[in-house]
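The primary structure of each chain is shown beneath.
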Amino acid sequence: MKKAVVILSLLAGLAGTANAESAAEVSENQGTSGKSTIELPQWVKNIKFSGYGILQYQGEDTEGNHTNSFNLRLARFILDGKIGDFDWRAQLQGTNNTGPGQPTVQLVDLYAEWRRFPEFKVRVGQFKRAFTYENPTHPITQGWYAYAMVINNLSGLGDRTGERASGGRDIGIQFSGDVLPNASGRKLLHYQVGIYNGEGINEKDKDNKKDIIGGLWVMPVKGLRIGAFGWTGTRGDMLDPESGDKVSLRKNRYALSAEYDLDEYTFRAEYLHSQGWGAASAGNNVREIDYSKGDKADGWYAFGIVPLIKSKLHAKARYQTYRPQKEWATSKTMYEVGLNYFFTKNFQLNAEYGLVNERSQHKNHNFVDVELSFRF
């Protein structure tokens with residue numbers, strides 16, 4: 001926690017320095033005081049400090065385990081900057097999710113990206129994996145109480161392999177670009193390929209083997225994209241309970257994706273499939289293989305968000321299923337409806353109701369979530 005406080009203090013100090021620049025320029029331009037002023041370097045002037053927070057109320061009436069609670073879902077503090085042809089970002093997250101390998105405050109993003117050419121960009125550091133449309137979506141604009149279950153389990157947010165909850169991030173290098181402009185200049189094809197440690201957030205490679213993730217999609221009309229993703233790699237230093245040896249856990253995954261997003265209408269659907277054993281539990285930095293869960297999993301989701309009052313009130317509905325063993329007997333399905341209300345562009349209230357079906361329990365239960373989100 002002491003390290004986190006120091007880092008946050010540095011963020012605030014840098015932001016204050018950047019904001020002071022405008023006052024220095026005013027003094028220099030007026031030239032009435034006779035005092036010399038300091039001209040800040042351009043890279044300092046380019047620094048922007050921002051962030052957001054999400055407050056939450058959530059309740060479920062699961063038989064024998066009714067819960068309802070107010071919750072501080074997360075807060076993030078962000079520094080963005082530009083140095084020549086490079087953009088960079090540093091992002092800290094605070095959350096109430098604690099557990100093995102999950103500190104209350106942690107660094108989530110730290111990367112630089114060379115952006116001289118839109119057809120070929122290079123990003124290096126810790127950032128979102130190049131897998132699925134939903135993974136890189138902002139937690140607020142994503143529009144729901146959380147990412148879909150299959151995204152959480154198979155895209156590195158609270159991964160099936162047991163790596164710590166990482167928001168879909170890893171450390172590595174990514175190449176991406178938009179090519180094939182049409183007559184109006186709009187690009188028709190996007191590609192991205194990333195090479196990562198394969199261990200998740202803030203972790204060195206444990207087995208010297210890298211994950212390779214790629215995505216390709218076409219954009220035939222404005223607002224529409226249709227694509228596919230592939231992922232192959234390992235998670236190292238896993239305990240094999242049968243032999244007692246440390247081994248690498250194989251990951252082979254693919255996703256099929258489609259999205260239409262234009263004029264406040266958003267429709268998205270994705271299917272994900274995974275081949276490879278899982279850990280005893282997801283998202284808690286667990287390093288023991290659980291063979292009882294099988295070596296295949298899959299899931300899908302589809303949702304629509306439409307404006308009832310433009311820029312003010314949106315209605316939404318989502319259907320999602322996750323099968324941790326790729327069998328219907330293990331499936332968990334949610335049917336969700338809700339509303340998103342925008343007090344201002346940067347201040348909104350999201351509410352939803354869900355009916356949850358867990359086939360392994362042969363039971364349904366109700367789910368309610370309300371979130372107040374703000375940006376600065």
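Right, let's walk through the structure included here. (Residues numbered from 1 in each chain as written. Predicted model: local features only at pLDDT ≥ 70, side-chain atom pairs only at ≥ 80, totals over all residues. Heavy atoms only, no water.)

1. Some points on the overall build of the chain
Applied cut-off: For the purposes of this entry, the term helix denotes a DSSP run of H or I that reaches at least four residues, the term strand denotes a run of E that reaches at least two, and both are numbered from the N terminus. Exposure classes here rest on a 1.4 Å probe applied to the protein chains alone. A residue is buried below 20% of its type maximum, exposed above 50%, and partly exposed in between. Whether two residues are in contact is decided by their heavy atoms: any pair within 4.5 Å suffices. Note on areas: Shrake-Rupley with a 1.4 Å probe; residue coverage comes only from the protein chains shown.
On a plain count of helices and strands, the chain comes out with 3 helices and 18 strands. Relative to its full complement of 376 residues, the chain shows a buried share of 44%. When contacts within the chain are restricted to residue pairs at least 6 apart in sequence, long-range pairs at least 24 apart make up 57% of them. Accessible area of the chain: about 18,300 Å², with a carbon and sulfur share of 60%.

2. Points about the nonpolar core
Stated formally: Take the buried residues of types Ala, Val, Leu, Ile, Met, Phe, Trp, Tyr and Cys, join any two whose side-chain atoms come within 4.5 Å, and each joined set is a nonpolar core.
With 31 residues, the main nonpolar core has F131, V150, I151 and L272 as its most contacted residues. Put simply, the parts of the chain that give this core at least two residues each are helix 3 (149-154), strand 8 (211-218), strand 9 (224-239) and strand 14 (296-309). When near neighbours in sequence (up to four residues on either side) are disregarded, I151 contacts T132, E134, N135, G156, L157, E270, L272 and Y301.

3. A look at the packing of aromatic side chains
Our working rule: Pairs were defined over the aromatic rings of Phe, Tyr and Trp, the Trp ring being its six-membered one, requiring ring centres within 6.5 Å. Orientation was assigned from the angle between planes: stacked under 30 degrees, edge-to-face over 60, tilted for the rest. For a ring to carry a charge above it, either NZ of a lysine or CZ of an arginine must fall within 6 Å of the ring centroid while also lying within 35 degrees of the normal to the ring plane.
Summed over the entire model, instances satisfying the criterion amount to 22 aromatic pairs. Grouped by ring-pair contacts, the aromatic residues F131, Y133, W217, F229 and W231 constitute a single cluster. We note R323 situated over the ring of W328; from NZ or CZ to the ring centre the distance is 4.9 Å.

4. Points about the pattern of salt bridges
In plain terms, the rule: Think of a salt bridge as a Lys or Arg side-chain nitrogen and an Asp or Glu carboxyl oxygen that are within 4 Å of each other.
According to the stated counting rule, one finds 27 salt bridges in the structure shown. Between E63 and K363 there is a salt bridge whose closest N-O contact spans 3.7 Å. Here E63 is found in the loop between strand 1 (48-60) and strand 2 (67-83), whereas its partner K363 is found in strand 18 (residues 363-375), with 300 residues between them in sequence. On the basis of relative accessible area, E63 is assigned to the exposed category, the value being 60%. On the basis of relative accessibility, which here comes to 37%, the residue K363 falls in the partly exposed class. One network of salt bridges, with partners in common, ties together K82, D87, E113, R115 and R123.

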